[in-house]
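Below, each chain spelled out in residue letters.
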Amino acid sequence: MPTVSIIFFSGAGHTTKLAEAINQGAASVAGITTNLISLSGDDIVKGRYDNEEVLAKLDASDAIIFGSPTYMGGPAAQFKAFADASGGRWFAGAWKDKIAGGFTVSMSPSGDKSNTLQYMFTLAMQHGMVWIGQPEKPLQPNGINRLGSNGGVMAQAGQESPEVAPSGGDKLTGELFGKRVAEFTVKIKR
Ligand SMILES: Cc1cc2nc3c(=O)[nH]c(=O)nc-3n(C[C@H](O)[C@H](O)[C@H](O)COP(=O)(O)O)c2cc1C
């Protein structure tokens, strides 16, 4: 069955909420299986990410959606440790032709989030993956794509609890993106 995996790190839980919305959108597509995988800092030993079970799940996926909060203008160190650990897969071409996408959350409306998405895009291109963008128009009344990002999904959350931030509009943006990636996955697998 076509499989979409969402692999993400979240420090305080805001990125988890966006990941869950993306997973919900992907899972709403008939015939799709999803894996929602949270990266754990406990899997990083002496700076190296080491969880073969997680990497094997990604090997078996048709689409991989990357997620991380924006920390200091880029992906969180935990996400980068995972990305570095995917180097063996890069060498083997294991993720070539898989579908890819990305999402990030930061406190400020900009917060240099585009840098995080750019990193995920570069990671996907190194692996020979096929990047899916986010085509929703900005400034819609329901808050969809209110931050105006097309390279991937952006959401905003700062000191508020993850129960209230990201906003409903940001989560809806994520849900639509998950659905889009899953629909592409079904099309390509057909
Ligand atoms: C170490 C650290 C660095 C951060 N750097 C940024 C930043 O560069 N830009 C920004 O807008 N927010 C920044 N933030 C705020 C987080 O991106 C924001 O609180 C986000 O919701 C955290 O997601 P999480 O709850 O999934 O960890 C930073 C937070 C931390 C802890």
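Each chain carries its own residue numbering, running from 1 in the direction its sequence is written. Confidence filtering applies because this is a predicted model: local features only for residues at pLDDT of at least 70, side-chain atom pairs given and counted only at 80 or more, and all residues used for totals across whole chains, interfaces and linings. With hydrogens and water set aside, each side-chain value is computed from the structure's full complement of heavy atoms.

Engineer: What's the story with the site of the ligand in this structure? I'm lost.
Structural biologist: A single heavy atom is enough: if one lies within 4 Å of a molecule or strand, its residue is considered near that molecule or strand. Of all residues adjacent to the ligand, which total 18 residues, the nearest are Ser10, His14, Thr15, Tyr71 and Met72. With respect to the ligand, the backbone of Gly13 contributes an N or O atom lying 3.1 Å from an oxygen atom. Between Ala157 and the ligand, the recorded distance is 2.9 Å, taken from a backbone N or O atom to an oxygen atom. The fraction of the free accessible surface of the ligand (640 Å²) that becomes covered by protein chains is 76%. Here a polar contact is taken to be a pair of N or O atoms separated by no more than 3.5 Å, where protein atoms must pair a possible hydrogen donor with a possible acceptor and residues adjacent in sequence count only if both atoms sit in side chains. Here the accessible surface of atoms and residues is derived via Shrake-Rupley with a 1.4 Å probe, and residues count as covered only by protein chains that are part of the display.

Engineer: How should the pattern of salt bridges be read in this particular structure?
Structural biologist: It is possible for side chains of opposite charge to pair when their charged atoms get near one another. Salt-bridge detection follows one rule: a side-chain nitrogen of Lys or Arg within 4 Å of a carboxyl oxygen of Asp or Glu. Within this structure, the stated rule accounts for nine salt bridges. The shortest N-O distance in the salt bridge between Glu52 and Arg89 comes to 2.7 Å. Of the two residues, Glu52 is situated in helix α2 (residues 52-59) and Arg89 in helix α4 (residues 87-92); the sequence distance between them amounts to 37 residues. By sharing partners, the salt bridges in this structure join Lys17, Glu20 and Glu163 into a single network. Helical segments are the DSSP runs of H or I of at least four residues, strand segments are the runs of E of at least two, and each set is numbered from the N terminus.

Engineer: Looking at this model, I keep getting lost on the side chain of Lys113. Mind explaining?
Structural biologist: For Lys113, the location among the structural elements is in helix α5 (residues 113-126). Three exposure classes are used, based on accessible area relative to the maximum for each residue type with a 1.4 Å probe and protein chains only: buried under 20%, partly exposed in between, and exposed over 50%. When charges are counted, Lys and Arg are positive and Asp and Glu negative, with His and the chain ends excluded. One buried charged residue, Lys113, remains without a salt bridge, the closest side chain of opposite sign being Asp170 at 7.5 Å. A polar contact is formed between the side chain of Lys113 and the backbone oxygen of Pro109, at a distance of 3.0 Å. Note on contacts: a residue pair qualifies if any of its non-hydrogen atoms lie within 4.5 Å across the two residues. Those residues in contact with Lys113 that sit more than four places away from it in its chain are Thr70, Thr104, Val105, Ser106, Ser108, Leu147, Met154 and Ala155.

Engineer: Got a minute to help me understand α5 in this structure?
Structural biologist: Since there are 3.6 residues in each turn of an α-helix, residues three or four apart along the chain are aligned in direction. One less than the number of residues in a helix, times 1.5 Å, gives the span that helix is expected to have. An ideal rise of 1.5 Å per residue puts 20 Å on 14 residues; α5 measures up with 20 Å between its terminal C-alpha atoms. Considered for burial, the residues of α5 that qualify are Lys113, Thr116, Leu117, Met120, Leu123 and Ala124. Along the axis of α5, the buried residues cluster in a sector spanning 115°; they form a single face. On its buried face, α5 sits against β5 (63-71), β6 (74-75), α3 (77-85), β7 (99-106), β8 (130-131) and β9 (153-156). Of the residues one or two after α5, Gly128 is the one with positive phi, at around 75°. In this context, the arc is that of the directions from the helix axis out to the C-beta atoms.

Engineer: Help me understand the pairing of β7 in this model?
Structural biologist: Burial analysis of β7 places eight of its eight residues in the buried class, which makes it a mostly covered element. Along β7, one buried face is formed by Ile99, Gly101, Phe103 and Val105 and the opposite face, lined by Ala100, Gly102, Thr104 and Ser106, is buried too. Note: two strands are recorded as paired if DSSP finds a minimum of 2 bridges between them. Across seven bridges, β5 lies against β7 in parallel orientation. Counterpart to Phe66 in the pairing with β7 is Gly102. Assignment of crossover handedness uses the view with strands pointing away from the viewer, where a clockwise path from the first strand over the helix to the second indicates a right-handed crossover. For the segment spanning β7, α5 and β8, crossover handedness is right-handed.

Engineer: When you look at the environment of Lys179 in this model, what are you seeing that I'm missing?
Structural biologist: Tracing the backbone through its elements, the reader meets Lys179 in helix α6 (residues 168-189). A sequence separation of 95 residues divides Lys179 from Asp84, and the C-alpha atoms of the two residues are 28 Å apart. Not counting chain neighbours up to four residues away, the residues in contact with Lys179 comprise Gly25, Ala26, Ser28 and Val29.

Engineer: What is the right way to look at unusual backbone geometry in this model?
Structural biologist: Leave glycine aside and you will find that most residues have negative phi; peptide bonds, for their part, are mostly trans. The omega angle of the peptide bond from Ala165 to Pro166 is 10°, so this bond is cis rather than trans. Despite not being glycine, Lys46 shows a phi value in the positive range, around 50°. Relative to the elements of secondary structure, Lys46 occurs in the loop between β3 (44-45) and β4 (48-49). Since its relative accessible area comes to 85%, Lys46 is described here as exposed. At Asp112, a position not held by glycine, the phi torsion is positive, near 65°. Assignment of secondary structure puts Asp112 in the loop between β7 and α5. Judged by its relative accessible area of 48%, Asp112 is partly exposed.

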